[in-house]
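These are the residues of each chain, in order.
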Amino acid sequence: MATTVATAPTRDSRSMRVLKSPKTARILFPFAVLAVWYLIYYTIDSRIFPTPQKVAQFMWEEVTLTSGVRYSSVAENLYVQFAISLIRLTIGFFIALILGTVIGLAMGLSKSVNAFFHDWVMAILAMPALVWALFLGLALGFSHYGPILAVVLAGLPFVIINVREGVRNTPRELFDMARAFDVPQNKITRHVLLPSLMPFFFAAIRYAYAIGWKGLIIAEVFASDRGMGWTIKFWYDANRAHGVIGYALFFIIFAMVLEKLVFDRLADRAFKWRPQVNVVQMAEGDFGAVAQEALLVVESQSAESEGSDG
Amino acid sequence: MATETREKTPAARSAEEERLIALRKRDTRRRWFWRITGYVAVLGIWELASGWVLEENLLPGPIRIIETFPDLWNSGRFLQSYAATLTRIGIGFACAFGFGALLGVLTQNRWIDGFFKDAVTISLVSPGLIWALTGLVIWGFEPAGWIFAIFMTTFALVTVNVAEGIRALPKDLIDMSRAFGVTTWRRQREIVVPHLAPFLFTAVRFGFSVAWKVTVLTEVFSSNEGIGFEMRVASQLFRMDEFFTWALSFFIFTLILEKLVLQRYENKFFRWRQEVTV
C-alpha cells in the first residue's frame, strides 16, 4: 500500500509490503476457507461431514479413476459424465445463439417485432430452470433432448436481449457517413456494424454459456440419467457429503478455468478496438426491469474481470 | 416532453408539434397492437399445442391453468406455501444483503478486495444447484442449509453492485461538501445514499430473482412446504395443471411486486432526479 511504499526498503517493511499486497490476500483466501471448514468440522453435529483430506482424496480418486465407483454402464466415470454434459451444453448453446441472434436482430430493427416478443422473452427469463427441468423430464423422458432444450431455454433470453441492445447501440451517424462517402455495403458491415455489435454479442455468448450451464445441470438432475448434474445428485442421494462437496469443487474449478482462461482472453480480444465499454451507459438504457437484470450480470461480471486485470 | 407540451396552450402548438404527437400516438397504438398480437399468438399456440402436439394432461393449456387456480386457492395451501417460500427468501437474502453490502464497502480496501476476489467470482459463476446440495447434505432440513444456499448465490451480486456504486460516487461533490464544512451525517444522507440507491435497487431486484430460483430448488430437495415442494409433488403426481399454476402464479406475483411495489418506491425515491432523466 501507498504508505509502505514510501518508507525506506528495510527488510521489515519489505516483508510487510509482501504481506499487505492484494496478491498475498488472494493466496491467503483458500487457507481461510480451510480454516472455516475445520471450524465447521469440529463444531457441527454431523456424522457425514467430511474433512478436507477426505474430499481431496475422493477427488483424486475420481480424477485418477481409482475410486472403483462405476456410475452406469454408459457413463461410468467423471470424464464421460463431463463430456456428455459439455456436448449437451455446446449443442444447446449453438441453437440458442442462432435462434437468439435472429430474434434479437429482428427485435432491434423493428419496434413491432420487439413489442410482439418482449413480454414472452421476459417470461422465459424469469422462469426458474427447475420449471423447465421438471416439465421436460416428464415430456421428453430421460433423453438428450430434455437437457439440450433446457440449455436453449435458459440461454435464449440472454442472447436475444444482448443482441437487441447491440443493434440499438450501433452508431447511426457512422452509417450515414459511410453511405455519404459511398463505402460498399460489405465494408460497412465489417467495419461499422460488427465492431459495435461485438461487445454485446460477446456478452451474449458469455452469459448464454454460463446460464446455460446452470440450467443444464438442473435439467440433468430431473430429466436425465447421466451427466455432471446427475452425478452430483447421485452422491446427494447416497448421502455422501464428501462426494457432493467433491463434485461441487469440480464444478467450481471448471467454472473458474473457463472464466479465467477462455472468457477473460476472449474479452480482451473482443474489446481490443475500444479499451472500455461504458458500463453505466448500458445500464441506463430503457429496458424493463427484468431485462436490466439480464444485462447486469453482464456488467457486474465484466466489471469483475476488468478489475482483476488492473 | 409530455409536460412541456401540456404547459403550452393548444393554439401555441405548431403544425410540426401536432405531427410529432400524432406520430407518437400512432407508434404507441401500433406497439400495443403487436404486443396484444404476441399474447394472442403465444397463448393460442399453447392452447392448441395441448391436446394436439402433447397430451392435455402433460401440457395443459392456459384456460385449464386459470381454471385450476381457484381450486388451489381454496385448498388453503396457496398462501401457506407463499408464506413459507417468501420467509425463506427474506431471511436468506437479508443475510446475503447485509454481508454483501458490507463487503462491497470493504472491498475499497485493496487487501480485502484481493482476499475476497475469488469468493465473489466463484459465487457469480457457479451453479446454484451445487450450493443447494452442499448446504442440504451438510445441514439437512435445518434452516442453515437453505440459508447457506441463498447466501452463496446472492451475496456477490450485492457486493459487486455496491462496490460499483461506491466507485461511481461523485468525488468532487464530497470534496466540496467537506470544504464547506457540511457535517458527515448530512453528507452521507444527501450525497452518498442518493447516489448509491440505484445500485442498491438493482442489487435487490437481481438478488431477489436469483434467491427465488435457488430457494425453490432447495425446497424441492428438502422441505415439506413451499412453492418448490408443491411443484415437485405436483409433477410427481402428474398433476401438470397444478404444476404450471404454481410456476405461473409466482411469475405473476413477481411482476406485481416489480410494477406496484418496487417501481413505485423507486419513483418516489428518485423524484429528485426526474428532471434529468425525462
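These figures come from a predicted structure and were not determined experimentally. (Residues numbered from 1 in each chain as written. Chains lettered and ligands numbered in written order. Predicted model: local features only at pLDDT ≥ 70, side-chain atom pairs only at ≥ 80, totals over all residues.)

Caption draft 1: Highlighting the overall build of chain B. Helix and strand content of chain B: 12 helices and 0 strands. The helix and strand sequence of chain B, counted from the amino end, reads α-α-α-α-α-α-α-α-α-α-α-α. A compact globule built from 278 residues should have a C-alpha radius of gyration of about 19 Å, whereas chain B, at 24 Å, is more than 25% larger. Dimensions of chain B, computed from C-alpha atoms along their principal axes, come out at roughly 70 × 60 × 30 Å. With 278 residues in all, chain B has 38% of them scored as buried. For chain B, restricting intrachain contacts to residue pairs at least 6 apart in sequence, the fraction spanning at least 24 positions comes to 69%. (Helix = DSSP H or I, 4+ residues; strand = E, 2+ residues; numbered from the N terminus. Rg over C-alpha atoms; globule rule 2.2 N^0.38 Å. Buried ≥ 20, exposed ≤ 12 C-beta atoms within 10 Å, placed from the backbone. Contact = placed C-beta atoms within 7 Å.)

Caption draft 2: View of the overall build of chain A. When you go through chain A residue by residue, the secondary structure sums to 14 helices and 0 strands. Starting at the N terminus and walking to the C terminus, you meet the elements of chain A as α-α-α-α-α-α-α-α-α-α-α-α-α-α. Within chain A, the fraction of its 310 residues that count as buried is 43%. Taking the contacts inside chain A whose residues are at least 6 apart along the sequence as the reference set, 73% of them involve residues at least 24 apart.

Caption draft 3: Molecular detail of helix 5 (residues 110-125) of chain B. Residues and elements named next belong to chain B. In a regular helix each residue adds 1.5 Å, so 16 residues correspond to 22 Å; helix 5 covers 22 Å between its end C-alpha atoms and thus fits that length. Taken as a whole, helix 5 carries its principal kink of about 45° at F116. Here helix 5 has its buried residues at G114, F115, F116, V120, T121, S123 and V125. (Expected span 1.5 Å × (residues − 1). Bend = angle between axes of the 7 residues up to and from the residue.)

Caption draft 4: Here's a closer look at the domain arrangement of chain B. If you check the domain split of chain B, you get domain 1 (2-52) and domain 2 (62-277). Taking only C-alpha atoms into account, the centre of domain 1 of chain B sits 33 Å from that of domain 2 of chain B. (Domains from an automatic or database assignment.)

Caption draft 5: Just the interface of chain A and chain B, in detail. Listed by partner, the interface residues are 53 residues for chain A and 51 residues for chain B. Of all the elements in the fold, those that place two or more residues in the side of chain A that touches chain B are helix 3 (22-43), helix 6 (111-126), helix 7 (129-140), helix 10 (185-223), helix 11 (228-237), helix 12 (241-270) and helix 14 (289-309) of chain A. For the side of chain A that touches chain B, the residue count by class is 37 nonpolar, 7 polar and 9 charged. (Nonpolar A, V, L, I, M, F, W, Y, C, P; charged D, E, K, R; others polar.)

Caption draft 6: Quick peek at the packing of helix 5 (residues 78-109) of chain A against helix 10 of chain A. All names here are of chain A. Closest axis-to-axis distance for the helix 5/helix 10 pair is 9 Å, and the angle between their directions is 130°. With respect to each other, helix 5 and helix 10 are oriented oblique. Like other packed secondary-structure pairs, helix 5 and helix 10 cross with a definite hand, here right-handed. Contacts from S85, R88, L89, G92, F93, A96, L97 and G100 of helix 5 reach helix 10 at A204, I205, A208, Y209, G212, W213, L216 and E220. Partitioning the contact of helix 5 with helix 10 into residue classes produces 10 nonpolar, 4 polar and 2 charged. (Axes fitted to C-alpha atoms, helices over the stretch in contact; angles between N-to-C directions. Parallel < 35°, antiparallel > 145°, perpendicular 65-115°, else oblique. Left-handed = near helix turned anticlockwise from the far one by under 90°.)

Caption draft 7: Broad picture of the packing of helix 5 of chain A against helix 6 of chain A. All names here are of chain A. Running from N to C, helix 5 and helix 6 point in directions that differ by 125°, and their axes come no closer than 6 Å. Classified by the angle their axes make, helix 5 and helix 6 are oblique. When the axes of helix 5 and helix 6 are compared, the crossing they make is left-handed. In contact with I103, A106 and M107 of helix 5, helix 6 contributes V113, N114 and F117.

Caption draft 8: Spotlight on unusual backbone geometry. Residue and element names in this part refer to chain A. A positive phi is found at L65, a non-glycine position, where the angle reads about 60°. Residue placement: L65 occurs in the loop between helix 4 (52-64) and helix 5. A tally of 13 C-beta atoms within 10 Å means that L65 is categorised as partly exposed. Unlike most non-glycine residues, D182 shows phi in positive territory, near 55°. Turning to its location among the elements, D182 is positioned in the loop between helix 9 (172-180) and helix 10. A residue is classified by how many C-beta atoms lie within 10 Å of it, and D182, with 6 of them, is exposed.

Caption draft 9: Looking closely at the environment of A25(A). Examined against the element boundaries, A25(A) turns out to sit in helix 3. Classification of A25(A) by C-beta neighbours within 10 Å gives buried; the count is 20. Excluding residues that lie within four positions of it along the chain, A25(A) makes contacts with W111(B), G114(B) and F115(B).

Caption draft 10: Broad picture of helix 6 (residues 128-139) of chain B. Residues and elements named next belong to chain B. Here helix 6 spans 16 Å end to end across 12 residues, near enough to the 16 Å set by a 1.5 Å rise per residue. Within helix 6, 12 of the 12 residues are buried, leaving the element largely enclosed by the surrounding structure. Within helix 6 the residues assigned to the buried category are G128, L129, I130, W131, A132, L133, T134, G135, L136, V137, I138 and W139.

Caption draft 11: Representation of the nonpolar core. All names here are of chain A. Counting residues in each nonpolar core, the largest one holds 134 residues, and the members touching the most others are W132, A133, A150, A208, A219 and V244. The greatest single-element share of this core, amounting to 19 residues, is contributed by helix 10. Apart from residues no more than four positions distant in its own chain, W132 is found in contact with M127, A150, L153, G215 and A219. (Core = buried A, V, L, I, M, F, W, Y, C linked by C-beta atoms within 7 Å.)

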